[in-house]
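Structural description and commentary
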Amino acid sequence: PLQAIEPEIQRIGRDLLEAARSRRAGRLSRQFWADKLMQWAMHDPAFKAELFRFVDVFPMLRDPRQVHAHLTDYLDRPDLRLPPGLSLGMRVGSLVQDKMAETVTSRVLAMADRFILAPTIDDAAMKIADLWSHRLASSIDLLGEACVSDAEAGAYQRRYLDLVQTLAERTGDWPDDPLLDSDALDRIPRANVSIKVSSLAACIRPADHDGTIDTLYNILEPILRLAGRNNVLVNFDMEQYALKDLTFDLFAHCCERIEFPAGIALQAYLRSGEADADRLIRWARRADRQVTVRLIKGAYWDYEIVHAELMGWPVPVWSYKDETDACFERMAGMFAAQAPRQAGEAGVKLAVGSHNVRSIAAALALARHHDLPESAVELQMLYGMADELKAAAVDRGLRVRVYAPVGDMVPGMAYLVRRLLENTSNESWLRAGFAEDAPAEDLLASPHDIDDEPAAGPDSHTPSATTAEARRHRLSPAVKGLGQDRPFLNEPLRDFADGERRTRFAIAIAGSTVPKVANDTTVQRAADAVREAAEAFPAWRDTPVRRRAEILLETAALIRHRRDELAGVVIRESGKAWTEADADVCEAIDFLEYYARQAVGLLEPVRLGRFVGEVDQQWHEPRGVAVVISPWNFPLAISTGITAAALVTGNTALLKPAEQTPGIAKILCDMLHQAGVPAGALHFLPGPGETVGAALVRDPRVAIVAFTGSKAVGLDILAAAGQTPEDQPHVKRVICEMGGKNAIIVDASADLDEAVLGVRQSAFSYAGQKCSACSRAIVADAVHDLFLHRLVEAARSLTIGDPTDPAVDVGPVIDDEAAEKIRRYIEIGRGEGRLELGGPVAPSLPRGAGKPFVAPHIFSGIRPEHRLAREEIFGPVLSVIRVGNFDEALAVANSSTYKLAGGVYSRTPSHLQQARRELRVGNLYLNRGITGALVGRQPFGGFGLSGGGTKAGGPEYLLHFVDPRVCTENTVRRGFAPDSAGFAPSAGGASPAGE
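Residues numbered from 1 in each chain as written. Predicted model: local features only at pLDDT ≥ 70, side-chain atom pairs only at ≥ 80, totals over all residues. Heavy atoms only, no water.

This part covers the pairing of strand E10 (residues 614-622). With 2 bridges connecting them, strand E9 (residues 606-607) and E10 associate as antiparallel partners. Looking across to E10, one finds that Val606 is bridged to Gln618. The loop that links E9 with its antiparallel partner E10 comprises 6 residues; one of these, Gly609, has a positive phi angle of about 70°. Sheet topology note: the E10/strand E25 (residues 962-970) ladder contains 9 bridges and is antiparallel. What sits directly across from Val615, in E25, is Glu969. (Pairing = 2+ DSSP bridges. Helix = DSSP H or I, 4+ residues; strand = E, 2+ residues; numbered from the N terminus.)

Okay, structure coming up:
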């Protein structure tokens, strides 16, 4: 009906806009924009970005000098044009600097005061009483840090219980208000709270959908029963798209078991918006429940775009703001059409969460069109925003509810930054409507007449922002003739929030079996395989590189077709959890796709310059027989990567997998042969490293040894390969990737929500059995104690168990020998530091995939000279080292002889730059975890005692497997150079004419 009621929408919208603009005393009126910082932020996107980054870190700053230092770090840049007073304060003496810091501090605190109702529940109760006296209802949202532990989840549960009880007690004696106490159909609960499910559980696992719902239900049950007894409405907020289905299913699960006034938010910026609305309407009828929907646009648009792009998933949000607004109106129409018509009737009551007068007017017009009074639609607006519009709506007789966050500045900063971004966006309706007085016809224009190509800009929702294929990282060009004329793109991981994919994965891994492979290759069989590979080398070398590349692409297709089944094999054979096993398979596909493209350009001849009378060409050719000795911790990915690199460059290969994981390696070899690799060019040699591996390394016919594993074995291979007997026709090349003793620095300005989760994931995913795993957390003294406490509780919340269970975070270690070594280091740690977390696993816990368990252990008080801080453990053991400042942290991080990976959590720009210069590791990660490198995006490899050479999954890796050749041809014949046409002589010699 939207087209038919457009005149009514325009009439209501103009009335509301005129009434609102006549009230200029609200906090978000011209007085708000009179703040110089906000004026500059509104008109200078670069300044806005840096200012809001400063606001984000502000709560961590403890004195004026720190405030000034960070202001300088963020804003003292030649490309930023600063407000005059701010610019002067950057460079003058300390007294003026302190005064400037105090001024900026007061402005930031004032911003927070505009948007955050109160720091405590008691203070909030008094303020919402004042709102009620102005005919404004409220919904309280408890701000908080990201929930990283069961202890924090318990604290949030207690805060919500306190909130519900306090509101029930305080709202009972408020004076009656016929507008706020009832709508056209029923009495409305005076007390209203909003919850975010992410704040109520330490580990929300999309893969364990049902288990996570059970966990959250148990936490919510006492809150909801208390709310039911006291007539307090509980609204389930929507957060990131990944939590959408889980939040809806949890909401339905709770409503079907507990009687309480219920509400849920739905987001119109999602492409699934109308399907979500239909799902809620159908469920409410089926469950015979009357609930309220808070219809909103959505607050995570940029995050959803970036996250989907990084993951290679379809972008879930609309491309343009107009599309979101149009979806909002269509969803509002669906709810108005199906709204309950009498008290207690099952259905969905509409609450419009928007400050956009056009959207509000459309909802009110739709209500009238469907024979509902305007009072059947509740308007919900954010505290501190659009006070003029709230007043106009109340005067019109509309019910208005204020969404009011409660909490301290530190946990509330993310909320504050989102509000500042909304208000300063080029597409902010409030900015256009109240700060810039845009014409009414522009503000009320129908979103259903969308331009095909709206103007692009820094805040525009442009097609380039939503087309994952267009925006994802392009590292190598498409190579024509390989069957896929497209650039290299990483294989997307499984989105386990998707129920259909989750079910398919579970079925596939349940049916997967590990091939029975005996590690029984003998030294004699290894020698025979070397001979066969050497004999097969000339034919494979001369096979066109494009044909070899096509075989890699065919193998990638075979793996892709069986990827869930292969993930199941990895889970059962190596003990990886769901997400880790899926990533292993994806990385194998990436290596095949990437190296196929890289090889073509590398091995085809390239002319060097264009000199008259001379043709110079360079190309690369394979070296011969390559021995691949692969590890058990990435049993498919690394086996695939090294073997593919050897084969595509024209070498023949002998794959000797780790003794613990020969099954998945056998499947890989079978698929490579199926795709077209000749039997003689690839041999599978499962056997003991001490005998078969040693013999292969020392065989004079072997030209390349590619090894990934421990430092001890790696150094032994390097020494053995350096021996050159008389009958050996070449110098062996060793590609040696060894261990790590990786550190993450947690700076005083770090976002501890991110740092705790990043360190936990980097230290304990796959039970710490990654060469890139974090084994040292180097923490600034200012945040050490809080970080350590939160990290310990976060790690305590991890689930240890059988990796086939999607609820498991930490699976077993690879074998009993590894477990015994890890336990010896744990005993060393008890003597060197203080055990903060750890101990034996539960006696009832069975062996996972036939392997032993070692629980995560955290030691504090470790010093750089301790063995726990120097020696590689390869297990779930983390040392926490306290340092005084960032310079000391860098010195401690660099003190290890391993130079593989490292990370820094900091919101101080100069520290991040210093880390780039001075933290000596092969892979440096800033403000993210240090595991999970992606082919082509984070080429992986270190130096020092972590290995040497170019990086796996990078543009130079294939150079390990080839030798360069150069050919120079003199093309002058009888004084005539056939390539001299178009050249003319000059004093300096021949020069191109017209080029």
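The discussion continues.
Taken together, 3 strands build an open sheet; the order of strands is E9-E10-E25 and the sheet is antiparallel. In this open sheet, the two strands that pair with only one neighbour each are E9 and E25. Of the strands in this sheet, E9, E10 and E25 touch helix H26 (residues 578-603), which is tilted by about 140° from E10. (Contact = heavy atoms within 4.5 Å. Axes fitted to C-alpha atoms, helices over the stretch in contact; angles between N-to-C directions.)

Bringing the sheet that holds strand E13 (residues 682-684) into the picture now. What the 5 strands build is an open sheet, ordered E13-E12-E11-E14-E15; its pairing is parallel. Where the open sheet ends on each side, the last strands, each with one partner, are E13 and strand E15 (733-737). Neighbour-to-neighbour, the strand axes of the sheet open up by a mean angle of 15°, direction not taken into account. Where strand E11 (residues 625-629) lies against strand E12 (residues 652-656), 5 bridges are found, and the strand directions are parallel. Bridging from a neighbouring strand, Ile629 pairs with Lys656 of E12.

Here we come to helix H33 (residues 816-832). Under the 1.5 Å per step criterion, the end-to-end length of H33 is 25 Å for 17 residues, consistent within 8% with the ideal 24 Å. Residues of H33 that are buried make contact with strand E19 (857-860), helix H34 (867-870) and strand E20 (877-883). One side-chain oxygen of the residue at the start of H33 lies 3.3 Å from the amide nitrogen of Glu817, identifying that residue as Asp815. (Expected span 1.5 Å × (residues − 1). Polar contact = N/O pair within 3.5 Å; in protein donor to acceptor, adjacent residues only side chain to side chain.)

So, on to the packing of aromatic side chains. For the structure on display, the rule yields 14 aromatic pairs. Consider the rings of Phe505 and Trp578, whose centres lie 4.9 Å apart with planes at 55°: the pair is tilted. Pair noted here: Phe505 is in helix H22 (residues 499-510) and Trp578 is in helix H26, with a separation of 73 residues, a long-range link. Of the two residues, Phe505 and Trp578, both sit in the buried class. If you follow Arg289 out to its NZ or CZ, it ends over the ring of Phe260, 5.6 Å from the centre. (Phe/Tyr/Trp six-rings, centres within 6.5 Å; stacked < 30°, edge-to-face > 60°. Buried < 20%, exposed > 50% of the residue type's maximum accessible area, 1.4 Å probe, protein only. Lys NZ or Arg CZ within 6 Å of the ring centre and 35° of its normal.)

A word on the pairing of strand E3 (residues 233-236). The side chains of a regular strand alternate, residue by residue, between the two faces of the sheet. Alternating residues of E3 divide into Leu233 and Asn235 and Val234 and Phe236, and every residue in both groups is buried. Pairing of strand E2 (residues 192-195) with E3 involves 4 bridges; the strand directions are parallel. Within E3, the residue paired with Val193 across the bridge is Val234. A crossover links E2 with its parallel partner E3, the connecting element being helix H10 (residues 209-229), and its sense is right-handed. Relative to strand E4 (residues 262-267), E3 is paired through 3 bridges, and the arrangement is parallel. Looking at the pairing, Asn235 lines up with Gly263 of E4. Crossover connection from E3 via helix H11 (residues 244-255) to parallel E4: handedness right-handed. (Right-handed = clockwise from strand over helix to strand, strands pointing away.)

Here the focus is the packing of helix H12 (residues 273-287) against helix H14 (residues 321-337). Packing of H12 against H14 brings their axes to within 9 Å, and their N-to-C directions diverge by 15°. In terms of their interaxial angle, H12 and H14 are classed as roughly parallel. Crossing handedness for the pair H12 and H14: right-handed. Contacts from Gly273, Glu274, Ala277, Asp278, Leu280 and Ile281 in H12 reach Cys327, Arg330, Met331, Met334 and Phe335 in H14. Considered class by class, the residues forming the contact of H12 with H14 number 7 nonpolar, 1 polar and 3 charged. (Parallel < 35°, antiparallel > 145°, perpendicular 65-115°, else oblique. Left-handed = near helix turned anticlockwise from the far one by under 90°. Nonpolar A, V, L, I, M, F, W, Y, C, P; charged D, E, K, R; others polar.)

Moving on: a nonpolar patch on the surface. Taken together, Val606, Leu608 and Val966 make up a surface patch of nonpolar side chains, about 240 Å² in accessible area. Position of Val606 among the secondary structure elements: in strand E9. (Patch = residues over 30% accessible without salt bridge, like charges linked within 9 Å, V, L, I, M, F, W, Y side chains within 5 Å. Areas by Shrake-Rupley, 256 points an atom, 1.4 Å probe, with all protein chains shown as cover. Salt bridge = Lys/Arg side-chain N within 4 Å of Asp/Glu carboxyl O.)

Let's shift gears to helix H31 (residues 752-764). Taking 1.5 Å per residue as the helical rise, H31 with its 13 residues ought to reach 18 Å, and the 18 Å between its terminal C-alpha atoms agrees with that figure. The buried fraction of H31 amounts to 10 of the 13 residues, a majority that puts the element mostly inside the structure. Listed as buried for H31 are Leu752, Asp753, Ala755, Val756, Gly758, Val759, Arg760, Ser762, Ala763 and Phe764. Packed against the buried residues of H31 are strand E16 (742-746), strand E17 (774-780), helix H32 (781-796), E19, E20 and strand E22 (901-905). The residue sitting at the N-terminus of H31 and contributing the capping side-chain oxygen is Asp751; that oxygen lies 3.0 Å from the backbone nitrogen of Asp753.

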